[in-house]
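Commentary on secondary and tertiary structure
The chain contents come next:
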Amino acid sequence: MADNRPIGVFDSGVGGLTVFREIMNKMPDEKVVYFGDTARVPYGDRDPMQVVDFSRQIVRFLRTRDVKAVVIACNTATAPSLPYLRAENDIPVIGVIRPGAKGAVTASRSGKIGIIATAGTIKSGQYPKEIHEMSPEAEVFGKACPKFVPLIEAGKLHGPETGEVVHEYIEELKENGIDALVMGCTHYPLLYDLLHEECGDGITLVNPAEETVKELREVLAERGELAEPSADGRLPEHEYYCSGDPASFKAFAAKVLPQEVSEVGVIDIEKY
Ligand code: DGL
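Residues numbered from 1 in each chain as written. Predicted model: local features only at pLDDT ≥ 70, side-chain atom pairs only at ≥ 80, totals over all residues. Heavy atoms only, no water.

Digging into the overall build of the protein chain
The line we're drawing: Strands here are runs of E lasting at least two residues and helices are runs of H or I lasting at least four, both read from the DSSP assignment and numbered beginning at the N terminus. Only C-alpha atoms enter the radius of gyration; for comparison, a globular chain is expected to reach 2.2 Å times N to the power 0.38, where N is the number of residues. Working definition: with a 1.4 Å probe on protein chains only, accessible area under 20% of the residue-type maximum means buried, over 50% means exposed, and in between means partly exposed. Contacts are assigned to residue pairs with any non-hydrogen atoms lying within 4.5 Å of each other. To measure how exposed things are, a 1.4 Å probe is used in the Shrake-Rupley method; for residues, cover is taken only from the protein chains shown. Positive: Lys, Arg. Negative: Asp, Glu. His and the chain ends are not part of the count. The atoms used to mark charge sites are NZ of Lys, CZ of Arg, CG of Asp and CD of Glu.
Helix and strand content of the protein chain: eleven helices and ten strands. The C-alpha atoms of the protein chain give a radius of gyration of 18 Å, which matches the 19 Å a tight globule of 272 residues would have. The C-alpha extent of the protein chain, read off along each of the three principal axes, is 50 × 40 × 40 Å. Split into buried and exposed, the 272 residues of the protein chain put 55% on the buried side. The contacts of the protein chain with a sequence gap of at least 6 include a subset with a gap of at least 24, amounting to 77%. Carbon and sulfur atoms form 48% of the exposed surface of the protein chain, whose accessible area is close to 12000 Å². In the protein chain, the 29 positive side-chain charges and the 43 negative ones have mean positions that sit 3 Å from each other.

This is the structure we're talking about:
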């Protein structure tokens, strides 16, 4: 059995493209419909129930594109929305936090794990909860990094300004003796170079996207819903949507994705 309907992937902005990139690399036959809520980014300081409402609107939109599954490619949205979206939809909904926790437990030898994320994700307490379910002895150190998302959305992925902010946030975590650091916001893997430079080789940077895509594959395989390669060997044509300025979304996506982004549709998401 095969199912060539697309997978819906969403984030508050461009961060979820790091999850999309992982899907493209590991599951190249799958078509993706991506939505970035660029008019309402960042979600990090918003009230959790408002984030649930935004997520519901986005899933309603994605379902108009006949998606077979939804990936919440946003930690801040996963934390409050996952149980609601799962209860309200008859297709699989996959979040990034449990997979990220699994990646951290696998990567850490000392059991001292750092989490960098938005204020919303840190406040939700979801990462420590999931990590302790898998590894009760682990020590988890969370740090909210509210300055990262605006810098990333502005395209400042390198350079001294962002480097100083990275140093400010990571220094304290290093003092706790962590050996694994979860990039607990899907925007943060875009700062990989600066984070790696700051952390050095003794700290493994964990990207939740890797485990998330493994879970996605397993769920679709169990349901007999993996896509079949096209007969002519062509890769699927993905669809891109955002709620804000399509030109800046396109320029950003072109930097992050290995494939050309031909068209970006603008969606009035409040209508959904
Ligand atoms: N990329 C999102 C996350 O994974 C959220 C960024 C934001 O909107 O604050 O947490």
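Still more to cover.
Regarding the sheet that holds strand E7 (residues 180-183)
For clarity, the cut-off: Strands are treated as partners if at least two bridges between them are detected by DSSP. Helix axes are fitted only over the stretch in contact, all axes being lines through C-alpha atoms; the angle between N-to-C directions runs from 0 to 180 degrees.
The strand order E6-E5-E7-E8 describes an open sheet built from four strands, whose pairing is parallel. Strands with a single pairing partner mark the edges of an open sheet, and in this sheet they are strand E6 (139-144) and strand E8 (204-206). The sheet shows a mean angle of 25° between the axes of neighbouring strands, taken without regard to direction. Relative to E7, strand E5 (residues 112-117) runs parallel, the two sharing four bridges. Pairing of glycine 114 across the sheet is with leucine 181, part of E7. The strands touched by helix H8 (residues 160-175) within the sheet are E5, E6 and E7, with E6 carrying the most contacts at an inclination of about 165°.

As for the packing of helix H4 (residues 97-107) against helix H10 (residues 208-222)
To keep things clear, this is the line we draw: Definitions for this section: a left-handed crossing has its near helix turned counterclockwise from the far helix by less than a right angle. A right-handed crossing has that turn clockwise. The nonpolar class holds Ala, Val, Leu, Ile, Met, Phe, Trp, Tyr, Cys and Pro. Asp, Glu, Lys and Arg form the charged class, and all remaining residues, Gly among them, are polar.
The geometry of H4 relative to H10 is characterised by a closest axis approach of 7 Å and an angle of 115° between their N-to-C directions. The interaxial crossing formed by H4 with H10 has right-handed handedness. In this structure, H4 uses Pro99, Gly100, Lys102 and Gly103 to contact H10, whose residues at the interface are Pro208, Glu211, Thr212 and Glu215. In the contact of H4 with H10, the residues fall into two nonpolar, three polar and three charged.

Notes on the site of the ligand
Note the cut-off: Distances are taken per atom, and a residue is near a molecule or strand as soon as one of its heavy atoms is within 4 Å of it. Polar contact criterion, stated in full: a pair of N or O atoms within 3.5 Å, where within protein one must be able to donate a hydrogen and the other to accept it, and residues adjacent in sequence count only if both atoms are side-chain atoms.
Not every one of the 14 residues close to the ligand is listed here, only the nearest: Ser12, Tyr43, Asn75, Thr76 and His187. Glycine 44 is positioned such that a nitrogen or oxygen atom in its backbone is 2.9 Å from an oxygen atom of the ligand. Contact with the protein chains removes 99% of the 300 Å² of surface that the ligand exposes when unbound.

Focus: H10
Convention followed: In a helix, the anticipated span is given by 1.5 Å times the number of residues less one.
Taking 1.5 Å of rise per residue, 15 residues should cover 21 Å, and H10 covers 21 Å from first to last C-alpha, within 8% of that figure. Those residues of H10 that sit buried are Pro208, Ala209, Glu211, Thr212, Val213, Leu216 and Leu220. Backbone geometry just after H10 places glycine 224 at a positive phi near 65°.

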